[in-house]
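Chain and residue survey
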Amino acid sequence: MLEVDNLSYRTGRRQILKEMTLQVDAGEIVGVLGENGAGKTTFMRALAGLIQPNRDAKISIDHQSGDVLKALVSFIPNLNWATKSETVSSVAAFYQDAYADFDTARWEALRKELKIDSQAKIGKLSKGQLERVIFALTVSREASVILLDEPFGGVDVMTRRRVLQSLLRWIPEEAIVLMSTHEINEIESVIDRAIVIQDGRIIVNRGIDDIRTTEQMSLEQYFVQVVTENREGVEL
């Protein structure tokens, strides 16, 4: 179980995350929705231990907290550290050496499914190709929590479908997946729950079946409605 309590984060005078609380059970896939600048990526960076939240914040995975979380969370925000001349194969070798839970066989299977050229140079990859590499590397770890930040950026429709199929095929059964995206229709069929972040707060946390049954609308329609109403000050 992933537990987040009273998570806030400020940089300079700007308050980016505000008193966020969330519980996610093992095996759940959660869609993280929000407009640009809502705080989705910062939220994931906090969960991965890449930024330091407020002192009162509590983040735990299976009742473990602190520095150990970095070993339990798989998150690759980008590959900016790699030189343009490095190959995909050398980047994969780095993650294999860095993480004991990196599954090389899974990586090779994902690489082939997503048509990733192991000898391609990082600097020559398109945005969509780079996102496929990041996705495959992230999912290749046997982590308790997998964070995917905009995995469909620059990716065509058919490749999106392959990415989702690969996700369902290869994620560990008990792993928690948090996936942010603007391609809401693409993920509706695979997620168990959706959270909506607006202005650094979680304003919605509902099961996808509950949304469909109660609201009688698609996830995208529901997202547009709640974000619009909340912006206008309508109490949800």
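Quick look at the structure, then. (Residues numbered from 1 in each chain as written. Predicted model: local features only at pLDDT ≥ 70, side-chain atom pairs only at ≥ 80, totals over all residues. Heavy atoms only, no water.)

So, about the environment of Phe 223. Within the fold, Phe 223 resides in helix H9 (residues 219-231). C-alpha separation for the pair Phe 223 and Leu 33, spaced 190 residues apart in sequence, amounts to 7.8 Å. When sequence neighbours within four positions are dropped, the list of residues in contact with Phe 223 reads Leu 33, Gly 34, Glu 35, Ile 184 and Val 196. (Helix = DSSP H or I, 4+ residues; strand = E, 2+ residues; numbered from the N terminus. Contact = heavy atoms within 4.5 Å.)

Strand order in the open sheet made by the six strands is S5-S6-S7-S3-S8-S9, with mixed pairing throughout. The sheet is open, and its two edges are formed by strand S5 (73-74) and strand S9 (201-207), each paired on a single side. Note that strand S3 (residues 29-33) and strand S7 (residues 176-180) share four bridges and pair parallel. Residue pairing for S7: Val 32 is matched across the bridge by Ser 180. (Pairing = 2+ DSSP bridges.)

Once their charged atoms are close, side chains differing in charge can pair, the charge on each being opposite to the other. Applying the stated criterion across every chain yields a total of 14 salt bridges. Ionic pairing is found between Asp 103 and Arg 106, a salt bridge with its closest N-O pair at 4.0 Å. Looking at Arg 106, the relative accessible area reads 6%, which means it is buried. With its nearest N and O atoms 3.0 Å apart, the salt bridge here joins Arg 169 to Glu 113. Placement of Arg 169 in helix H6 (residues 157-170) and of Glu 113 in helix H4 (residues 104-113) is noted, with a sequence separation of 56 residues between them. On the basis of relative accessibility, which here comes to 23%, the residue Glu 113 falls in the partly exposed class. Here the residues in one salt-bridge network are Asp 103, Arg 106 and Glu 142, joined through shared partners. (Salt bridge = Lys/Arg side-chain N within 4 Å of Asp/Glu carboxyl O. Buried < 20%, exposed > 50% of the residue type's maximum accessible area, 1.4 Å probe, protein only.)

Below, the discussion takes up the sheet that holds strand S4 (residues 58-61). Taken in spatial order, the three strands make up an open sheet running S2-S1-S4, and their pairing is antiparallel. Each edge of the open sheet carries a strand with a single partner, namely strand S2 (14-24) and S4. Direction aside, the axes of adjacent strands within the sheet are offset by 20° on average. Pairing between strand S1 (residues 2-11) and S4: four bridges, direction antiparallel. Within the sheet, the bridge partner assigned to Leu 2 lies in S4 and is Ile 61. Taken strand by strand, helix H1 (residues 40-47) contacts S1, S2 and S4, and its axis lies near 65° from that of S2. (Axes fitted to C-alpha atoms, helices over the stretch in contact; angles between N-to-C directions.)

All right, on to the nonpolar core then. The biggest cluster of nonpolar side chains holds 47 residues, and the ones touching the most others in it are Leu 79, Leu 137, Met 179 and Ile 191. Among the elements that take part in this core, helix H5 (residues 127-139) stands out by supplying six residues, more than any other. Sequence-distant contacts of Leu 137, defined by excluding residues within four places in its chain, comprise Ile 76, Leu 79, Val 91, Ala 92, Tyr 95, Phe 102 and Trp 107. Within the second largest apolar cluster, 31 residues are counted, among which are Val 4, Val 32, Ala 46 and Val 73. (Core = buried A, V, L, I, M, F, W, Y, C linked by side-chain atoms within 4.5 Å.)

Let's shift gears to the side chain of Lys 40. With respect to the helices and strands, the residue Lys 40 is situated in helix H1. Of the buried charged residues, Lys 40 lacks a salt bridge, with Glu 150 as the closest side chain of opposite charge at 4.7 Å. For Lys 40, the side chain forms a polar contact with the main-chain oxygen of Glu 35, separated by 3.0 Å. Not counting chain neighbours up to four residues away, the residues in contact with Lys 40 comprise Val 32, Leu 33, Gly 34, Glu 35, Glu 150, Ser 180, His 182 and Ile 197. (Lys, Arg positive; Asp, Glu negative; His and termini not counted. Polar contact = N/O pair within 3.5 Å; in protein donor to acceptor, adjacent residues only side chain to side chain.)

The next thing to look at is the side chain of Arg 193. Within the secondary structure, Arg 193 is located in strand S8 (residues 193-198). A polar atom in the side chain of Arg 193 sits 2.6 Å from the side chain of Glu 28. One polar contact links Arg 193 to Asn 205, side chain to side chain, over a distance of 2.7 Å. Sequence-distant contacts of Arg 193, defined by excluding residues within four places in its chain, comprise Leu 22, Gln 23, Val 24, Asp 25, Glu 28, Ile 29, Val 30, Gly 31, Asn 205, Arg 206, Gly 207 and Ile 208.

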